[in-house]
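Here is how the chains run, residue by residue.
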There are 2 protein chains.
Amino acid sequence: MKKNTTKYAVLGLLTIEPLSGYEIKKMIQNSLAYFWSESNGQLYPTLNQLLKENWIVLSDNQSTSKKKSNRYEITEAGRVKLQKWMCQEEEEKSIHRDENLLKLFFGSNISKKECIQRLKNRKKRLQEKLKEYQAIENKLRKDSTSPHFIYWLLTVNCGVCGVQAAINWCRNSIITLEKAQRDEISK
Amino acid sequence: MKKNTTKYAVLGLLTIEPLSGYEIKKMIQNSLAYFWSESNGQLYPTLNQLLKENWIVLSDNQSTSKKKSNRYEITEAGRVKLQKWMCQEEEEKSIHRDENLLKLFFGSNISKKECIQRLKNRKKRLQEKLKEYQAIENKLRKDSTSPHFIYWLLTVNCGVCGVQAAINWCRNSIITLEKAQRDEISK
DNA sequence: CAGCTCATGTAAGGCGTTACATGATTGG
DNA sequence: CCAATCATGTAACGCCTTACATGAGCTG
């Protein structure tokens, strides 16, 4: 059984406020980018699917601009559906495919020097990512009155913690490999 | 452009030793399960594809058992291909879709109590996972002479660090939510 | 000989992305 | 009026999983 998680992402966003497809896309890019993404090819068909299932409806208050834009509202049925999904346990699926780890696992096929360089680059990228996340966190903290505040903060905090852990692991791994490299040479 | 990472997983495993499709599958299940998986529907077609591209060949030393089993060896071209892939930079794709975070993000749609319960369950699952990873780590440490040893240890260590970070985040998040819950009631 | 594991595959179908197509409106 | 942005979609394709199909050998 497949999930079609796009459905729930859309439903969730519509509990915040009525939105058009285009606005949903923007919102995901601006606020959820660090843990979620949607493509047009997924989003628009899903919206029509949700309509058919009566989990969302076309909002009658038209959009601010004069353009044709379909603004959607979540229905009561949609809310129930979303809540049910949110309360479902999901087993901890071990991140099914981590390409970085796969490469590391086969490290003996390239030189230690090369491996170390890869890790250093990775660490650098992660540090940039960390800055981004912290910027999001700081921006969030400025509007602590929203009912969503606490959840959004926890969400971005998860990203921060994860990246920090990855950076630490990179640092330690680099040290380990550098030590091994020195041992190799001295022999 | 898509990657077909299965190719590289197979090539990598064949640098360790010649293997049949079935053995590759077992190996992934037994040793790489915490960061990689393959299904038959992906594995066998990929093997034939690799054959056609001359990155692997049928090994002539037949398998231990008398059954028909196609054991494969990596070719020099295959090795080059693998090494090239390993030295390629990949941009840090922010884990494109994290369902747990998506649920948390929409937390205001359900009760704090429910959210806390979800997090507690998640933490428990993560702790079990941590034990598994540590068991793998301990098993690995017993054969420290292998040339793969250092890489395999680093790989599993990455898993351990990630899970530990996630557990800590869960713990802190639970505390934060419980505090918010108390504040709600006392008002 | 029944049932297990070994062993290799195929078919169907969902998920998801990329790239393209199409227009309307707005701003310079 | 030209370009950019707003706005909605579709077509094609790749990845990946699930489920099934098939058959050989092995074990009691």
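Residues numbered from 1 in each chain as written. Chains lettered and ligands numbered in written order. Predicted model: local features only at pLDDT ≥ 70, side-chain atom pairs only at ≥ 80, totals over all residues. Heavy atoms only, no water.

Engineer: Help me out: how do you make sense of the pattern of salt bridges in this one?
Structural biologist: Any two side chains of opposite charge can pair, given that their charged atoms come close. Residues and elements named next belong to chain B. One pass over the structure, following the stated rule, counts 17 salt bridges over all chains. Note that Lys-112 is salt-bridged to Glu-184, the shortest N-O span being 2.7 Å. In this pair, Lys-112 sits in helix α6 (residues 112-141) while Glu-184 sits in helix α7 (residues 149-186), placing the two residues 72 residues apart along the sequence. Note on Lys-112: relative accessible area 15%, which makes it buried. Glu-184 sits in the partly exposed class, given a relative accessible area of 45%. (Salt bridge = Lys/Arg side-chain N within 4 Å of Asp/Glu carboxyl O. Helix = DSSP H or I, 4+ residues; strand = E, 2+ residues; numbered from the N terminus. Buried < 20%, exposed > 50% of the residue type's maximum accessible area, 1.4 Å probe, protein only.)

Engineer: For this particular structure, what's the right way to read the relation of the copies chain B and chain A?
Structural biologist: Expressed as a screw operation, the relation of chain B to chain A combines 0.0 Å of axial shift with a rotation of 180°, fitting to an RMSD of 0.0 Å. In short, the pair behaves as if placed about a two-fold rotation axis. A shared binding surface is used by both copies, with 100% of the interface residues of chain B retained as interface residues in chain A. (Least-squares fit on C-alpha atoms with pLDDT ≥ 70 in both. Contact = heavy atoms within 4.5 Å.)

Engineer: Just to check I follow, could you spell out the domain arrangement of chain A for this structure?
Structural biologist: It is common to give the size of an interface as the accessible area that goes away when the parts come together. Each assigned domain of chain A is listed with its residue range as follows: domain 1 (5-87) and domain 2 (99-186). A straight line from the C-alpha centre of domain 1 of chain A to that of domain 2 of chain A covers 32 Å. (Domains from an automatic or database assignment.)

Engineer: Please clarify how the packing of aromatic side chains should be interpreted in this entry.
Structural biologist: Each aromatic ring pair is specified by the distance between its two centres and by the angle formed by the two planes. Counted according to the given criterion, the structure contains 12 aromatic pairs over all chains. Look at Phe-105 of chain A and Phe-35 of chain B: their rings are 5.7 Å apart centre to centre, the planes differ by 50°, and that puts the pair in the tilted class. Taken together, the residues span two chains, with Phe-105 of chain A in helix α5 (residues 99-105) and Phe-35 of chain B in the loop between α2 (21-32) and α3 (40-52). Pair check on accessibility: Phe-105 of chain A and Phe-35 of chain B agree, each one buried. According to the relative accessible area criterion, Phe-105 of chain A is buried, its value standing at 4%. Within the aromatic cluster, the residues linked to one another by ring pairs are Tyr-34, Phe-35, Tyr-133 and Trp-152 of chain A together with Phe-105 and Phe-106 of chain B. Positioned above the aromatic ring of Trp-85 of chain B, the side-chain terminus of Lys-103 of chain A is 5.0 Å from the ring centre. (Phe/Tyr/Trp six-rings, centres within 6.5 Å; stacked < 30°, edge-to-face > 60°. Lys NZ or Arg CZ within 6 Å of the ring centre and 35° of its normal.)

Engineer: Can you walk me through the pairing of strand β3 (residues 71-74) of chain A in this structure?
Structural biologist: Consecutive residues of a regular strand have side chains that alternate between opposite faces of the sheet. Residue and element names in this part refer to chain A. Pairing between strand β1 (residues 19-20) and β3: 2 bridges, direction antiparallel. In the sheet register, Ser-20 faces β3, and the bridge partner there is Arg-71. Pairing of strand β2 (residues 56-58) with β3, which is carried by 3 bridges, proceeds in the antiparallel orientation. Across the sheet, the residue bridging to Ile-56 is Ile-74, located in β3. (Pairing = 2+ DSSP bridges.)

Engineer: I'm lost on the interface of chain B and chain A in this one. Help?
Structural biologist: Taken together, the 72 residues of chain B in the interface contact 72 residues of chain A. At the boundary of chain B with chain A, total buried surface from both sides reaches about 7,100 Å², with 61% on carbon and sulfur atoms. Our enumeration of links across chain B and chain A arrives at 3 salt bridges. Across the pair Arg-97 of chain A and Glu-38 of chain B runs a salt bridge, and its minimum N-O distance is 2.8 Å. Linking chain B with chain A are 27 residue pairs in polar contact (both at pLDDT 80 or more), by the criterion used here. When residues of the side of chain B that touches chain A are traced back to their parent elements, those giving at least two are α1 (5-16), α4 (76-87), α5 (99-105), α6 and α7 of chain B. Of the residues forming the side of chain B that touches chain A, the biggest block, 14 residues, is contributed by α7 of chain B. In the side of chain B that touches chain A, the residues fall into 34 nonpolar, 20 polar and 18 charged. (Buried area = accessible area lost by both parts, 1.4 Å probe. Polar contact = N/O pair within 3.5 Å; in protein donor to acceptor, adjacent residues only side chain to side chain. Nonpolar A, V, L, I, M, F, W, Y, C, P; charged D, E, K, R; others polar.)

Engineer: Looking at this structure, how should I read the sheet that holds β2 of chain A?
Structural biologist: Backbone-to-backbone hydrogen bonds join strands into a sheet, with any given pair of strands oriented parallel or antiparallel. Residue and element names in this part refer to chain A. The antiparallel open sheet is built from 3 strands, whose spatial order is β1-β3-β2. The open sheet has two free edges, formed respectively by β1 and β2, since each of these has just one partner strand. Relative to β2, helix α3 (residues 40-52) is tilted by about 100°, and along the sheet it contacts β2 and β3. (Axes fitted to C-alpha atoms, helices over the stretch in contact; angles between N-to-C directions.)

Engineer: Looking at this structure, how should I read the environment of Gly-41 of chain B?
Structural biologist: Residue and element names in this part refer to chain B. Mapped onto the secondary structure, Gly-41 falls in helix α3. Accessibility expressed as a relative area gives 60% for Gly-41, which makes it exposed. In this structure, the C-alpha to C-alpha distance between Gly-41 and Ile-116, residues 75 residues apart in sequence, is 39 Å.

Engineer: What's the story with unusual backbone geometry in this structure? I'm lost.
Structural biologist: Glycine aside, a negative phi is what most residues show, and trans is what most peptide bonds show. At Asn-54 of chain A, a position not held by glycine, the phi torsion is positive, near 65°. With respect to the element layout, Asn-54 of chain A can be found in the loop between α3 and β2. With a phi close to 55°, Asn-4 of chain B is a non-glycine residue in the positive phi region. Here Asn-4 of chain B shows up in the segment before α1.

Engineer: Just checking my understanding: could you explain the packing of helix α2 (residues 21-32) of chain A against α3 of chain A for this structure?
Structural biologist: Helix-helix packing is characterised by the crossing angle of the two axes and by the distance between the axes. Residue and element names in this part refer to chain A. Interaxial distance between α2 and α3 falls to 10 Å at its minimum, and their mutual angle equals 135°. Accordingly, the angle class assigned to the pair α2 and α3 is oblique. Both α2 and α3 take part in a crossing whose hand is right-handed. The residues of α3 that touch α2, namely those facing Gly-21, Tyr-22, Ile-24 and Lys-25, are Asn-40, Leu-43, Tyr-44 and Leu-47. Grouping the amino acids of the contact of α2 with α3 by side-chain chemistry returns 5 nonpolar, 2 polar and 1 charged. (Parallel < 35°, antiparallel > 145°, perpendicular 65-115°, else oblique. Left-handed = near helix turned anticlockwise from the far one by under 90°.)

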